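Chain by chain, the residues run as shown.
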Amino acid sequence: MTTTRSARFLTGLLLLLMAAPAGAGSETPPEGPPWVRELAAAQTEALKRGVPIFVYLTKTYCPHCVKLEKEVLGQEGIAPIYEKAVWLYVFRDFSKSEDDRAAERVALRLGFSSYPQHHLLHPVTLERIATPSRSIQGFLDTFARADVGEIGTVEAPGAIAAAEARAAALETKRSVKAALRALDEDADIVVRFRALQVLAEKKPVEVVKRAEALMGIPNDLLRYEVCATLKAHGDAAAAPVLEATVRAPENSLNPNVLRIRAVQALAECGTADSIAVI
């Protein structure tokens, strides 16, 4: 009987998955806004016009994304703000295709680890300057208040392209020496993340030694990677910074997940004192 019920449950689950609506995450942006699909193109246009970038990060099977698209992004009510920003659509399907890897790099660069994400970014620094509430009026009000100030002449898109070339070289060559130099000296977050991945694989002790500094970087995806390395290779010396993260996961867009990752690492390299923190 138990086997039969389990089979029925699994069959029903498979049918539900097969019947999932196409709208549960689509590579096609919602109709309306003049979407751009590449960060460099969005940044170039935003700098030219002196407006912010509105970034929308979505993925396959994201009910909250579908709701946002139906109730706000696909509505004519936001048409008056189309020209107030450059609209960047970033879609992840986790296929590791070239398009998906490009979207992954954008998410990493912006520190996004949950979905959906919808923010106004400064066109030079790509820092978040505002996040509208998920309503038409919320978008109208937030866009009306957004101000990027004086921009001047900058080479931001070129700097990102150069950084991505350095990151690609790290992935290809996987040199420990180059990874150490990049992790310690490169200012670009994508380059540092790729360096961290190389060291986590080839010389994790170097990640452990730098745990305190790395956990202070305000990028969730990078800190997740540090926690995973500490979980596999950490020692008691890393416990204090993990305990601090569990107490107060600062500058995080996904603090509960960051706490979970830190707790998982503490389970392997914490001390008796870590129990009280957990």
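Before reading on, note that the structure itself is shown above.
The shown structure was predicted, so the numbers you read here are calculated from the model rather than taken from an experiment. (Residues numbered from 1 in each chain as written. Predicted model: local features only at pLDDT ≥ 70, side-chain atom pairs only at ≥ 80, totals over all residues. Heavy atoms only, no water.)

(A) Fine view of the packing of aromatic side chains. This model, assessed by the stated rule, comprises 11 aromatic pairs. Ring centres of Phe54 and Phe143 lie 5.7 Å apart, and the angle between their planes is 45 degrees; on these two criteria the pair is classed as tilted. With a gap of 89 residues between them, Phe54 in strand E2 (residues 53–59) and Phe143 in helix H5 (residues 136–145) connect regions that are remote in the sequence. Neither residue differs from the other here; Phe54 and Phe143 are each classed as buried. (Phe/Tyr/Trp six-rings, centres within 6.5 Å; stacked < 30°, edge-to-face > 60°. Helix = DSSP H or I, 4+ residues; strand = E, 2+ residues; numbered from the N terminus. Buried < 20%, exposed > 50% of the residue type's maximum accessible area, 1.4 Å probe, protein only.)

(B) Spotlight on helix H4 (residues 98–110). Under the 1.5 Å per step criterion, the end-to-end length of H4 is 19 Å for 13 residues, consistent within 8% with the ideal 18 Å. Among all positions of H4, only Asp100, Ala103, Glu104, Arg105, Val106, Ala107, Leu108, Arg109 and Leu110 are buried. Residue Gly111 follows H4 closely and has a positive phi angle near 80 degrees. (Expected span 1.5 Å × (residues − 1).)

(C) Just the packing of helix H7 (residues 176–185) against helix H8 (residues 189–202), in detail. One way to put it is that H7 packs onto H8 with a least axis distance of 8 Å and a crossing angle of 135 degrees. Comparing the axis directions of H7 and H8 gives the class oblique. Handedness of the crossing formed by H7 with H8: left-handed. On the side of H7, the interface is formed by Val176, Ala179, Leu180, Ala182 and Leu183, while H8 contributes Val191, Arg192, Ala195, Leu196, Val198, Leu199 and Lys202. Residue composition of the contact of H7 with H8, by class: 10 nonpolar, no polar and 2 charged. (Axes fitted to C-alpha atoms, helices over the stretch in contact; angles between N-to-C directions. Parallel < 35°, antiparallel > 145°, perpendicular 65-115°, else oblique. Left-handed = near helix turned anticlockwise from the far one by under 90°. Contact = heavy atoms within 4.5 Å. Nonpolar A, V, L, I, M, F, W, Y, C, P; charged D, E, K, R; others polar.)

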